[in-house]
Amino acid sequence: MKTTDQTEARAFETSDRTPTIAFEQSEETLALPYDGLEGIQYDYKRCIRIVFEKHEVSLHGSNLDKLFEELAAFRVKEVLINGGAAAKALGDRSGRCLIDRIEINPAEGERAAA
């Protein structure tokens, strides 16, 4: 499992115009294409789980409703870890989507095959 509080995600387009989401970490970048998306689950308890063919990505934070809607519509252009001191001071009162942590794991089928 890879977890980082310094992760940044952005949407990119490849040469064939397939939109991807890139999760940038301090020592590596993982770009996952939207066409490999198998499902998105939002538990309303501070976590969105995004399942791709070979990876599962969990976004932990607060006020994630709008982010969930945008992800489901393939419109996310950028997601940032923004749970710094100022954001935490405002907390849920700010109304802004706050991402505290991103976890990237092998998809369930990939774990079984390993």
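Because the structure is a prediction, the values reported are computed rather than measured.

### What to know about the overall build of the chain
And then number 1: Along the backbone of the chain there are three helices and nine strands.
And then number 2: Listing the helices and strands of the chain from first to last along the sequence gives β-β-β-β-β-β-β-α-β-α-β-α.
And then number 3: Burial status across the chain gives 38% buried among its 114 residues.
And then number 4: Counting contacts in the chain only where the partners sit at least 6 residues apart, residues at least 24 apart contribute 47% of the total.
And then number 5: When the accessible surface of the chain is split by element, carbon and sulfur atoms take 48% of a total near 7000 Å².

### A short note on the nonpolar core
And then number 1: Membership of the largest hydrophobic core comes to 19 residues, with the highest contact counts inside it found for Val57, Leu59 and Leu71.
And then number 2: Going through the elements one at a time, strand 3 (19-24), strand 5 (37-42), strand 6 (47-52), strand 7 (55-62), helix 1 (65-72) and strand 9 (98-106) are the ones with two or more residues in this core.
And then number 3: In contact with Leu71, other than residues within four places in its own chain, are Ile21, Tyr34, Ile40, Ile48, Ile50, Leu59 and Val76.

### Quick word on the pattern of salt bridges
And then number 1: Considering all chains together, one arrives at five salt bridges under this definition.
And then number 2: Put simply, Arg46 and Asp100 hold a salt bridge, and the shortest N to O gap is 2.5 Å. In this pair, Arg46 sits in the loop between strand 5 and strand 6 while Asp100 sits in strand 9, placing the two residues 54 residues apart along the sequence.
And then number 3: Under the relative-accessibility criterion, Arg46 is labelled partly exposed at 42%.

### Quick notes on unusual backbone geometry
Excluding glycine, a negative phi dihedral is what most residues carry, and trans is how most peptide bonds are arranged.
And then number 1: At Arg46, a position not held by glycine, the phi torsion is positive, near 90°.
And then number 2: Phi at Asn63 is positive, roughly 55°, even though this residue is not glycine.
And then number 3: Tracing the sequence through the fold places Asn63 in the loop between strand 7 and helix 1.

### Quick notes on helix 1
Along an α-helix, residues three or four apart share an orientation, since each turn contains 3.6 residues.
And then number 1: Within helix 1 the residues assigned to the buried category are Leu67, Glu70 and Leu71. End-on view of helix 1: buried residues confined to an arc of 100°, all on one side of the axis.
And then number 2: Phe74 occupies a position one or two residues after helix 1 and carries a positive phi of about 60°.

### Remarks on the packing of aromatic side chains
And then number 1: For the structure shown, the criterion picks out three aromatic pairs.
And then number 2: Ring geometry for Tyr42 against Tyr44: centres 4.3 Å apart, planes inclined by 45°, an arrangement best described as tilted.
And then number 3: In this structure Tyr42 comes out as buried when scored by relative accessible area, which is 13%.
And then number 4: Residue class for Tyr44 comes out exposed when judged on its relative accessible area of 61%.
And then number 5: Through a chain of ring-to-ring contacts, the aromatic side chains of Tyr42, Tyr44 and Phe68 assemble into a single cluster.

Analysis parameters
- Residues numbered from 1 in each chain as written.
- Predicted model: local features only at pLDDT ≥ 70, side-chain atom pairs only at ≥ 80, totals over all residues.
- Heavy atoms only, no water.
- Helix = DSSP H or I, 4+ residues; strand = E, 2+ residues; numbered from the N terminus.
- Buried < 20%, exposed > 50% of the residue type's maximum accessible area, 1.4 Å probe, protein only.
- Contact = heavy atoms within 4.5 Å.
- Areas by Shrake-Rupley, 256 points an atom, 1.4 Å probe, with all protein chains shown as cover.
- Core = buried A, V, L, I, M, F, W, Y, C linked by side-chain atoms within 4.5 Å.
- Salt bridge = Lys/Arg side-chain N within 4 Å of Asp/Glu carboxyl O.
- Arc of directions from axis to C-beta.
- Phe/Tyr/Trp six-rings, centres within 6.5 Å; stacked < 30°, edge-to-face > 60°.

None of this, on its own, says anything about what the molecule does.
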